[in-house]
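Structure at a glance
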Amino acid sequence: MSGISDYIDSEVKNNDVVLFMKGTPGFPQCGFSGQVVQILDYVGVDYKGINVLDSSELRQGIKDYSNWPTIPQLYVKGEFVGGCDIVREMFQAGELQSFLDEKGIKVKGAA
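Figured I'd write up the structure that's included with this text. Remember, predicted model here, so these are calculated numbers, not experimental data.

**Brief notes about the overall build of the protein**
Scanning the protein from N- to C-terminus turns up five helices and six strands. In the protein, the order of α-helices and β-strands from amino to carboxyl end is α-β-β-β-α-β-α-β-β-α-α. Dimensions of the protein, computed from C-alpha atoms along their principal axes, come out at roughly 40 × 25 × 20 Å. Each of the 111 residues in the protein was classed as buried or not, and the buried ones make up 42%. Carbon together with sulfur atoms contributes 48% to the accessible area of the protein, which is approximately 5,900 Å² in total.

**A look at unusual backbone geometry**
A cis amide bond links I71 with the next residue in sequence, P72, at an omega value of 5°. Looking at the secondary structure, you find P72 in the loop between α3 (56–66) and β5 (73–76). Its identity is not glycine, yet N67 carries a phi of approximately 60°, on the positive side. Here N67 lies in the loop between α3 and β5.

**Examining the nonpolar core**
Generally speaking, nonpolar side chains in soluble globular proteins are found buried as a group. Of all hydrophobic cores here, the largest spans 20 residues; its most connected members are V17, L19, V45, L74, V76 and L100. Breaking this core down by element, the ones donating at least two residues are β1 (17–21), α2 (31–43), β5, α4 (84–92) and α5 (95–102). When residues of this core are assigned to their parent elements, the largest contribution, five residues, is made by α2. When neighbours within four sequence positions are excluded, L100 is seen to be in contact with V17, V43, V45, V76, I105 and V107. Of all hydrophobic cores here, the second largest spans 11 residues; its members include I4, V18, I50 and L58.

Thresholds applied
Think of each chain on its own: its residues are numbered from 1, step by step along the sequence as written. Totals for whole chains, interfaces and linings use all residues, but because this is a predicted model, local features are given only for residues with pLDDT of at least 70 and pairs of side-chain atoms are given and counted only at 80 or more. Values shown for side chains rest on all heavy atoms present in the structure; no hydrogens or waters enter the calculation. Here a strand is any run of E in DSSP of at least two residues, a helix any run of H or I of at least four, and the numbering for each starts at the N terminus. Think of it in three bands: residues with accessible area under 20% of the maximum for their type are buried, residues over 50% are exposed, and the middle band is partly exposed, with areas taken using a 1.4 Å probe on protein chains only. In these tables, accessible area is a Shrake-Rupley quantity obtained with a 1.4 Å probe, and a residue counts as shielded only by the protein chains included in the view. The definition of a nonpolar core used throughout is a set of buried Ala, Val, Leu, Ile, Met, Phe, Trp, Tyr and Cys residues joined through side-chain atoms within 4.5 Å. Contacts are assigned to residue pairs that have any heavy atoms within 4.5 Å of one another.

Structure follows, in structure tokens:
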């Protein structure tokens, strides 16, 4: 593993919910990242946002790590959940909240 994949691995494993995104939760810099931020904020889950625009190495590294070509990428308890479309579909079907619940992640808002 390279330094960047070690870093990604440690962030994914040491944070219950991590969103690798373009921009920050307070200032998303792409529409897809923004949608996932809105969903996570709506369900009221605490998460760490990591801005892949800070480093091209990180931006490529996360794609290699997950074997998933796009950003944002959501991880829960070390497990890759998916990108914007998957998170949005899970949310609309009410599955995101129950998934987080099953993983023992506290959500503030009721579904």
